[in-house]
Amino acid sequence: MKLEKKEQNKYAWKLLVLVLVIGLLAGLLGGALSAQIFIEAGPQGEQGLQGEKGDTGDTGTQGPQGEQGIPGIPGVNGTDTILQILQNRNATQIDASGYTAMQWYNVSDIDSTMEMAISIQQNSRIFAQFSGSLTLPAPANVSIRIVVDNNYNSSICALSLGPPASGTYTMTGHIEFLTNPLNAGLHVINLQFLRVTGSPLILDRTLTVIEIASQ
């Protein structure tokens, strides 16, 4: 009887241990499944309103100074002063084909605007410049210059068309002339042309005269 009771108790303990083990495993498994359920992320919520703009940061430090630029070209004479400027313009066409070749003529013989008189003070200088265009039917050759008081001549601007050129071309010319210091009083500036060959046509033209006082 005691042996059977002892066997029964031993069997009861094994059953109790088995029940506890099964319960423990069931608890762990259930916890893991529950964790998977509760850990799973829900749907994305609506985006919240944008926050207010923060304060502007402090200004950064100034960078190093760049290299110095290349000096500009100096002026003709920093002590000169422009006292007056005169200018005449004309766009009438001048046919120079009838003038004797190899002889200088005043353009003012045809166009009075190309002769200008300017009254200057003692030791002033005169700066004169001409810009204009000419039509040359090849072959043709014409030269233009500026003359002051029929004594002081500028360099010559020569426009020409020769073989193998053919047809009619329009060209531009430009001359500048600066005199030495002159006596006070009236001085006359003329534009002159010389026809070498062909039948040139003098078109639009501008003559500018400037008095410059030397200090």
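Description of the structure in this document.

Reading guide: rules and limits
Every residue gets a number counted from 1 within its own chain, in the order that chain's sequence is written. Selection of residues for local features in this predicted model requires a pLDDT of at least 70, selection of side-chain atom pairs for listing and counting requires 80 or more, and totals for whole chains, interfaces and linings are taken over all residues. Side-chain figures throughout are based on the complete set of non-hydrogen atoms in the structure, without hydrogens or water. Planes of paired rings set the category: under 30 degrees apart is stacked, over 60 is edge-to-face and the rest tilted, where pairs are Phe, Tyr or Trp rings (Trp by its six-membered ring) whose centres lie within 6.5 Å. Accessibility here uses a 1.4 Å probe with only protein chains present; expressed as a share of the type maximum, an area under 20% marks a residue as buried, one over 50% as exposed, and anything in between as partly exposed. Strands are runs of DSSP state E lasting at least two residues, helices are runs of H or I lasting at least four, and both sets are numbered from the N terminus onward. If DSSP finds at least two bridges between two strands, the strands pair.

Turning our attention to the packing of aromatic side chains. Aromatic ring pairs are reported here in terms of the distance separating the ring centres and the angle at which the planes meet. For the coordinates displayed, the defined rule picks out 3 aromatic pairs. For the pair Y99 and Y105, a centre-to-centre distance of 4.9 Å together with 70° between the ring planes defines the contact as edge-to-face. Linked through ring pairs, Y99, Y105 and F193 together constitute an aromatic cluster.

This next bit is on the pairing of strand β5 (residues 124-137). On a regular strand, one side chain projects to one face of the sheet and the next to the other, so that they alternate. When you tally the buried positions in β5, you get 10 out of 14 residues, the bulk of the element. Examined bridge by bridge, β5 and strand β11 (residues 201-213) share 11 bridges and lie antiparallel to one another. Note that in β11 the partner of S124 across the bridge is A213. Judged from the 11 bridges that link them, β5 and strand β9 (residues 168-178) form a sheet pairing that is antiparallel. What sits directly across from L134, in β9, is M171.

A word on unusual backbone geometry. Cis geometry is found at the peptide bond from A138 to P139, where omega equals -5°. Turning to its location among the elements, P139 is positioned in the loop between β5 and β6 (140-148). The step from P163 to P164 runs through a cis peptide bond, and the omega angle for that step is 10°. Unusually for a residue other than glycine, M102 sits at a positive phi of about 60°. Mapped onto the elements of the fold, M102 is located in the loop between β2 (94-95) and β3 (104-106). By relative accessible area, M102 is classed as exposed at 57%.

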